Amino acid sequence: MILPVNPYQYTNPVYHKSEFFDRQFVINRLRQALHAHRSIQLIGQWRIGKSSLLRYVQEHLAEFVDDDRAIAIYYDLLRRPQLRNGDDFFARILQLMSNTLVERGQQGAALPPQMDLTDPIEFEEFCDCWIDKEGYRFILLLDEFGSIARNKNFDWNFFANLRSTIPDLTYILASPRSLSDFAHEQVITSPLWNQLQLIQVTLFEKRQFIQELIHKPVEQIGLSWPDKAENFVYERGGQYPCYIQMAATALYDTYDQGQLNYKQAEKVFRDTATDHFRHLWTKTLYDQYRPKREDLLRMALLDLVHGRGIDDDLAEDLEFRSLVWRNESTDQWEPFSVWFADWLRRWSTDKRIQTEAESKRLRKQTKSKFPKSSLSDLSLQKGQLVGEQYRVQKTVGATRYSQVVVAYDESLKRKVVIKCLRVDQEPDDIAQRLRENLLRGAGIMANLDHPNIGRVYHALLNPLGVVMQWIEGLSFQDILDIGRRISATDAIKIGIELASALNYAHEQGVIHRDIKPGNIILTESEKPVLIDFDIARATACETISRLNDGSFGYVGTKEYSAPEQFLNPEGVGSPTDLFALGLVLYRLLTGRLPYEHGNLPSLYEEGHFPKPEQFDIPEPLYRILYSLLHQQPGKRPTAAKLCDELKTCASFLETYDSEFQKLDV
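Here goes a summary of the coordinates provided. Think of each chain on its own: its residues are numbered from 1, step by step along the sequence as written. Two thresholds apply to this predicted model, a pLDDT of at least 70 for residue-level local features and 80 or more for giving and counting side-chain atom pairs, whereas whole-chain, interface and lining totals are computed over all residues. Side-chain measures were taken over the full set of non-hydrogen atoms in the model, leaving aside hydrogen atoms and water.

## Re the overall build of the protein chain
Then, in step 1: Helix and strand assignments follow DSSP, with helices taken as H or I runs no shorter than four residues and strands as E runs no shorter than two, numbered in order from the N terminus. Counting its regular elements, the protein chain contains 23 helices and 16 strands.
Then, in step 2: Any residue under 20% of the maximum accessible area for its type is buried, any over 50% is exposed, and the rest in between are partly exposed; the area is computed with a 1.4 Å probe on protein chains only. Residues classed as buried in the protein chain amount to 50% of the 665 residues present.
Then, in step 3: Whether two residues are in contact is decided by their heavy atoms, any of which lying within 4.5 Å being enough. For the protein chain, contacts bridging at least 24 residues in sequence account for 66% of all contacts bridging at least 6.
Then, in step 4: Areas reported as accessible are Shrake-Rupley estimates using a 1.4 Å probe. Residue values count occlusion only from the protein chains shown. By element, 48% of the accessible surface of the protein chain is carried by carbon and sulfur atoms, the whole surface being about 32600 Å².

Structure below.
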């Protein structure tokens, strides 16, 4: 049986009438306010349905106003690039109104290319023409208005000017809190905030509406769910529409031949919800002035589930983030659902056990990897003078075959990295192959001269090793390990520089074959530099060398290897590096790898990679990454083409920023 598309939705706003439950009171109040030409503050916690209500107004405007010249325009103020000040705001609104009229056939509303969109006179003249004379009414549905209310670049004059556009323009400003709660002088002393009608979106108050949200979407496609399914969803979703939809989505996806797989649904929900919770308690959009807030919120949640009281300020912040609610019958704060409370208890226990186990594992690993007797057997020791000019400072990596040290070049007064071989105890054939591989790789790298490729200075013969550039900075693996991600703008900039480096290397006939986060260093000046070794796991034949007998064996790191590296090692070429670069950029943007089960197409249905999840990657950049991650090498762009595509993407987003064009992402 082929099931219809999942009828539940938690990642995007909903706006069809059949998808709305327990929102009629809010819809009626919106209708009354818009009939009276009142502007509105629409407030409610994160993920409670404000965006959906704005979309509903846009899609069903005729329900709210009896005016065929009324136009509703939705705009998310968190959309990239963000607005910087009041001039940006009014220029963007002007462009949105113009674009909408042009789409309706009013070509005269098009703005001349030379127009200064930030000129207030241009804004006034446009409104005079199309609102006063032509009779159009604009209702501006502005999502995440709190991002402006919190931003002090939007001063008192901005809010006063915004007030002056009412009632010519009608606003619905959606925000997690009332503007008065943002409590900085620009807002509370302006004539705006007390001119807006306040409408609040609340949790589901009756179990009846929760049941309707759980059952009606599947009933509309001819299915029915048992009581067990309802309880499964309710225990996980509580009274929050977002979490109810999230749990129902996970359960629906397991439906097969009339059976629901609760165990599988639990795993999917747990993984999805865990990422969601962490995002909510680390989101700092509205509390940048309060450092260490994440730690305080985590501790408050743990105090809550263990029966300890928590500060009202923290409780209200957690409620604001849709993680807790106040039970009116007991007047107590509680986690948003029974499942979340259990998850927090397990999380706190598992975290302690995990920390202890990790500590024990690391102690054991350290003892086995570096037993006391082996440290004295390392080729290079701290303080030793190598090559008559390099003073060893410390060992930063060691394996069976190699050692990597940081040394000081006493002649040229600079830090360097030395990778030397340790093959005295190896059979002659293996030792000889390792020596040739090391020198071959060093010879290739020594001939590369590019600002985004680490330099090899020269080779040492006794001990046998290679002297390389020391690069101050963090590897991308270090950045990922501390939980950081990068913005789309930074990803494009980094991608351009690394594509340029790969294009240069490929033109010299060099294929890296081991592009990964640990092999890219981000310098203090934020320049990415590609290196040919991972100092945490340095080996002599880990990257761009060919085997001694002329054959090609598997070379690389499994998580960042292209399919052809597993299936056809002798066919590895420049597209392999581009696939790995796509993986690196995708993970830096999202914190995840695109293919959950690995980079072999045979692991997926019909032998094809699934389409990677887009998350919040801008559409133009996502298309580029998608092409890099193609399973067929011939369909990936070259490094030169990638460089051009990323520059075009950067220009496109920059043009969007300057001309305020609307992106469909």
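## Side note on the packing of helix H19 (residues 488-507) against helix H21 (residues 574-590)
Then, in step 1: To obtain an axis, a line is fitted to C-alpha atoms, over the contacting stretch when the element is a helix, and the angle between two such axes runs from 0 to 180 degrees between their N-to-C directions. Two elements in contact, H19 and H21, have axes separated by 11 Å at closest approach and are oriented at 165°. The angle between H19 and H21 falls in the class roughly antiparallel. Considering the relative orientation of H19 and H21, their crossing is right-handed. Contact residues: Ala488, Ala491, Ile494, Gly495, Leu498, Ala499, Leu502 and His506 in H19; Ser574, Asp577, Leu578, Leu581, Leu585 and Leu589 in H21. Here the angle decides the label: under 35 degrees means roughly parallel, over 145 means roughly antiparallel, 65 to 115 means roughly perpendicular, and every other value means oblique. Handedness of a crossing is defined here by the sense of rotation of the near helix relative to the far one, left-handed for an anticlockwise turn of less than a right angle and right-handed for a clockwise turn.

## Things to note about the packing of aromatic side chains
Then, in step 1: Pairing of aromatic rings covers Phe, Tyr and Trp, the last counted by its six-membered ring, and requires centre-to-centre distances within 6.5 Å; plane angles under 30 degrees mean stacked, over 60 mean edge-to-face, and any other angle means tilted. Evaluation of the coordinates by the stated rule reveals 20 aromatic pairs.
Then, in step 2: Measuring from ring centre to ring centre gives 5.2 Å for Phe89 and Phe90, while their planes differ by 90°; the resulting arrangement is edge-to-face. Across the pair, exposure class does not vary: Phe89 and Phe90 are buried alike.
Then, in step 3: Here a set of aromatic residues connected by ring pairs shows up, and it is made of Phe89, Phe90, Phe123, Phe154, Phe158 and Phe159.

## Concerning the environment of Ala505
Then, in step 1: Tracing the sequence through the fold places Ala505 in helix H19.
Then, in step 2: Sequence separation between Ala505 and His450 is 55 residues; the distance between their C-alpha atoms is 8.6 Å.

## Considering the sheet that holds strand E3 (residues 137-143)
Then, in step 1: Sheet architecture is open: five strands sit in the order E2-E3-E4-E1-E5, paired in parallel fashion. Looking at strand neighbours, the two that pair on one side only are strand E2 (70-76) and strand E5 (197-200), the edges of this open sheet. Adjacent strand axes in the sheet meet at a mean angle of 20° when their direction is disregarded.
Then, in step 2: Pairing between strands is defined by DSSP: at least two bridges between them are needed. Pairing of E3 with strand E4 (residues 169-175) involves five bridges; the strand directions are parallel. Directly across from Leu142, in E4, lies its bridge partner Leu173.

## Observations concerning the pairing of strand E9 (residues 390-398)
Then, in step 1: Sheet analysis places strand E8 (residues 385-386) next to E9, joined by two bridges and oriented antiparallel. Its bridge partner being in E9, Val386 is matched across the sheet by Tyr390.
Then, in step 2: As judged from the seven bridges shared by E9 and strand E10 (residues 402-409), these two strands associate in the antiparallel manner. If you follow Lys394 over to E10, its bridge partner there is Val406.
Then, in step 3: Adjacent in sequence and paired antiparallel, E9 and E10 are bridged by three residues.

## Some details on the pattern of salt bridges
Then, in step 1: A side-chain nitrogen of Lys or Arg and a carboxyl oxygen of Asp or Glu constitute a salt bridge if their distance falls within 4 Å. Inspection of the entire model under this criterion finds 16 salt bridges.
Then, in step 2: Where Glu619 meets Arg623, a salt bridge forms, and the shortest distance between an N and an O atom there is 3.5 Å. With Glu619 and Arg623 both in helix H22 (residues 619-628) and four residues apart, this pair spans about one turn of that helix.
Then, in step 3: When its relative accessible area of 49% is taken as the criterion, Arg623 is described as partly exposed.

## With respect to helix H11 (residues 241-252)
Given 3.6 residues per helical turn, the α-helix brings residues three or four places apart onto the same face.
Then, in step 1: The span you would expect from a helix comes to 1.5 Å times its residue count less one. The terminal C-alpha atoms of H11 lie 16 Å apart, and with 12 residues this matches the ideal 16 Å at 1.5 Å per residue to within 8%.
Then, in step 2: Counting buried positions along H11 gives 12 out of 12 residues, so the element sits mostly inside the fold.

## With respect to unusual backbone geometry
Then, in step 1: In this structure, the amide linkage connecting Ile166 to the following residue, Pro167, adopts the cis form with an omega of 10°.
Then, in step 2: In this structure, Ser322 takes a positive phi of about 65° despite not being glycine.
Then, in step 3: A relative accessible area of 1% places Ser322 in the buried class.
Then, in step 4: The phi angle at Phe615 is positive, at roughly 55°, despite the residue not being glycine.

## Here we look at the pairing of strand E1 (residues 40-43)
Residues in a regular strand point their side chains to alternate faces of the sheet.
Then, in step 1: The alternating pattern of E1 places Ile40 and Leu42 and Gln41 and Ile43 on opposite faces, both of which are buried.
Then, in step 2: For E1 and E5, the ladder comprises four bridges, and the chain directions are parallel. Bridged to Gln41 within E5 is Leu198.
Then, in step 3: Sheet topology note: the E1/E4 ladder contains four bridges and is parallel. Counted as the bridge partner of Leu42 is Ala174 from E4.

## Details of the nonpolar core
Then, in step 1: Only buried residues count toward a nonpolar core. Its members are Ala, Val, Leu, Ile, Met, Phe, Trp, Tyr and Cys residues joined through side-chain atoms within 4.5 Å. Grouped together as the largest cluster of nonpolar side chains are 71 residues, with contacts concentrated most on Trp225, Val233 and Leu251.
Then, in step 2: The element that contributes the greatest number of residues to this core is H11, accounting for nine residues.
Then, in step 3: Beyond its immediate sequence surroundings of up to four residues, Val233 is in contact with Ile214, Trp225, Gly238, Ile244, Ala247, Ala248 and Leu251.
Then, in step 4: Formed by 44 residues, the second largest nonpolar core is a distinct cluster that contains Leu578, Leu581, Leu585 and Tyr595.

## Notes on the packing of helix H3 (residues 86-103) against helix H6 (residues 156-164)
Then, in step 1: In the contact formed by H3 and H6, the axes pass within 10 Å of each other and the chain directions differ by 25°. On the basis of the axis angle, H3 is roughly parallel to H6. Each of Gly86, Phe89 and Phe90 in H3 lies in contact with H6, whose residues at this interface are Phe158, Asn161 and Leu162.
Then, in step 2: Of the residues belonging to the contact of H3 with H6, the class tally is four nonpolar, two polar and no charged. Each residue is assigned to one class: nonpolar for Ala, Val, Leu, Ile, Met, Phe, Trp, Tyr, Cys and Pro, charged for Asp, Glu, Lys and Arg, and polar for all the others, Gly among them.

## Quick look at the sheet that holds strand E14 (residues 473-475)
Then, in step 1: In spatial order, the strands read E14-E15-E16; together these three strands make up an open sheet with antiparallel pairing. Looking along the sheet, the strands with just one partner apiece sit at the ends: E14 and strand E16 (528-530). Going from strand to strand, the sheet's axes swing by 30° on average, the running direction of each strand aside.
Then, in step 2: One ladder, built from three bridges, connects E14 with strand E15 (residues 520-523); its direction is antiparallel. Within E15, the position partnered with Leu474 by the bridge is Leu522.

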